[in-house]
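Read off the chains here:
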Amino acid sequence: MAMQIISCIYKIENTVNGKCYIGSAVNFLGRRRAHRSVLGKNKHHSEKLQRAWNKYGSDVFVFVILEVVADARSLISREQHWIDSVKPDYNILKFAGSRLGMRHSKATKEKMSDLRRGKPLLPTHRAGIVAANTGRPMRSEHKARLLSMHLGVPHSIETRSKMSLAHTDTKQSLERIALSVNARARNREIKAAMGVPKITQSAEHVAMRVAKMVATKARKKLERNALLC
């Protein structure tokens, strides 16, 4: 005899305290068998129902059909109607067909982490992580761990070249220049008040410094060009 397929809204009721779980199924008998199987293995997604099943035993629970739904496309809306009406204690999710509000167990989180470890992130995922952490202050322990990770790590030649290029063409802002000029003026005033004689550099010394700076810039430019070739 072929098994009758019943599309319906059902509940799993605890006959001891009256608490229940509400769900929907295209095939009620198949879903009931699946519930009993995962509950017997202590792996049901509803931790509340699983704890009650373990505490009271399987004999006190009954599966009851609340409403037969001829059109399977209406299952979610009818399930939501019954959830709102009955307010079942064993349903973790309060919205039919949604996982909103579900909390994974520690073991499940560890399994999910193991599956994702080493898997490259999609660009959209990376962008979401960056947006979520932008402006978020880091804890002192996190800062210390990052610092310890980077201490003593030498930069590659490519990285050093990029850093040099970034700093070579950087121009000081007007505010930094003004602050520098004001600081130098204050230092001169302090030295004058203390009677410190003003040291003037000879023309030869200035020429040597300028020649050294020009030679250094020329050498760095040749090194950058050699790396880019």
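Structure shown above.
Analysis parameters
- Residues numbered from 1 in each chain as written.
- Predicted model: local features only at pLDDT ≥ 70, side-chain atom pairs only at ≥ 80, totals over all residues.
- Heavy atoms only, no water.
- Patch = residues over 30% accessible without salt bridge, like charges linked within 9 Å, V, L, I, M, F, W, Y side chains within 5 Å.
- Areas by Shrake-Rupley, 256 points an atom, 1.4 Å probe, with all protein chains shown as cover.
- Salt bridge = Lys/Arg side-chain N within 4 Å of Asp/Glu carboxyl O.
- Helix = DSSP H or I, 4+ residues; strand = E, 2+ residues; numbered from the N terminus.
- Phe/Tyr/Trp six-rings, centres within 6.5 Å; stacked < 30°, edge-to-face > 60°.
- Buried < 20%, exposed > 50% of the residue type's maximum accessible area, 1.4 Å probe, protein only.
- Contact = heavy atoms within 4.5 Å.
- Pairing = 2+ DSSP bridges.
- Axes fitted to C-alpha atoms, helices over the stretch in contact; angles between N-to-C directions.
- Arc of directions from axis to C-beta.

**Some points on a nonpolar patch on the surface**
Next up, step 1: Together, I190, M194 and V196 make up an exposed nonpolar region whose accessible area comes to about 300 Å².
Next up, step 2: Mapped onto the elements, I190 comes out in helix 8 (residues 174-193).

**Focus on the packing of aromatic side chains**
Next up, step 1: Per the stated rule, a full pass over the model turns up three aromatic pairs.
Next up, step 2: For the ring pair F61 and Y90, a centre distance of 6.5 Å and an interplane angle of 45 degrees mean the geometry is tilted. Here Y90 lies in the loop between helix 3 (75-86) and helix 4 (106-116) and F61 lies in strand 3 (residues 61-68), a separation of 29 residues in the sequence.
Next up, step 3: By relative accessible area, which is 5% here, Y90 ends up buried.
Next up, step 4: What links up through ring pairs into an aromatic cluster is the set W53, F61 and Y90.

**Observations regarding the side chain of H35**
Next up, step 1: Structurally, H35 can be placed in helix 1 (residues 28-40).
Next up, step 2: Non-local contacts of H35, meaning those with residues more than four positions away in its chain, are made with Y10, I12, Y21, H44 and F63.

**Things to note about the pattern of salt bridges**
Next up, step 1: Inspection of every chain in the model, using the stated rule, returns four salt bridges.
Next up, step 2: E13 is paired through a salt bridge with K11; the nearest N and O atoms lie 3.1 Å apart.
Next up, step 3: Of the charged contacts in the structure, one is a salt bridge between R73 and D71, with a shortest N-O distance of 3.2 Å.

**Here we look at the sheet that holds strand 3**
Next up, step 1: The three strands are arranged 2-1-3 in an open sheet whose pairing can be described as antiparallel. Among the strands making up the open sheet, the edge pair consists of strand 2 (20-25) and strand 3. For this sheet the average axis-to-axis angle between neighbouring strands, irrespective of direction, equals 25 degrees.
Next up, step 2: Relative to strand 3, helix 2 (residues 47-56) is tilted by about 140 degrees, and along the sheet it contacts strand 1 (8-14), strand 2 and strand 3.

**Things to note about helix 2**
Next up, step 1: For helix 2, every residue scored as buried is listed here: L49, Q50, A52 and W53. Summarising the axial view, the buried residues of helix 2 lie within an arc of 165 degrees, below the 170-degree limit, and thus occupy one face. For helix 2, the exposed residues lying more than 90 degrees away from the buried face are R51 and K55.
Next up, step 2: In this structure, the buried residues of helix 2 make contact with strand 1, strand 2, helix 1 and strand 3.
Next up, step 3: At the C-terminal side of helix 2, G57 shows a positive phi close to 95 degrees.

**Structural notes on the side chain of Q50**
Next up, step 1: For Q50, the position within the fold is in helix 2.
Next up, step 2: Beyond its immediate chain neighbours, meaning those up to four positions away, Q50 contacts V38, L39, N42, K43 and H44.

**Quick notes on the pairing of strand 2**
Next up, step 1: Burial of strand 2 is extensive: six of the six residues sit out of reach of the surface.
Next up, step 2: Where burial is concerned, the two faces of strand 2 agree: the one with C20, I22 and S24 and the one with Y21, G23 and A25 are both buried.
Next up, step 3: Examined bridge by bridge, strand 1 and strand 2 share six bridges and lie antiparallel to one another. Looking at strand 2, one finds that I12 is bridged to Y21.
Next up, step 4: Where strand 1 folds back onto strand 2 in an antiparallel hairpin, the turn is made up of five residues, including G18, whose phi is positive at roughly 80 degrees.

**Looking at the environment of W53**
Next up, step 1: Looking at the secondary structure, you find W53 in helix 2.
Next up, step 2: Exposure remark for W53: the relative accessible area of 8% places this residue in the buried category.
Next up, step 3: On a C-alpha basis, the gap between W53 and R36 in space is 9.9 Å, while along the polypeptide they are 17 residues apart.
Next up, step 4: Discounting chain neighbours no more than four positions away, the residues touching W53 are R36, L39, G40, S58 and F61.

In short, the description is geometric, and any link to function would need to be established separately.
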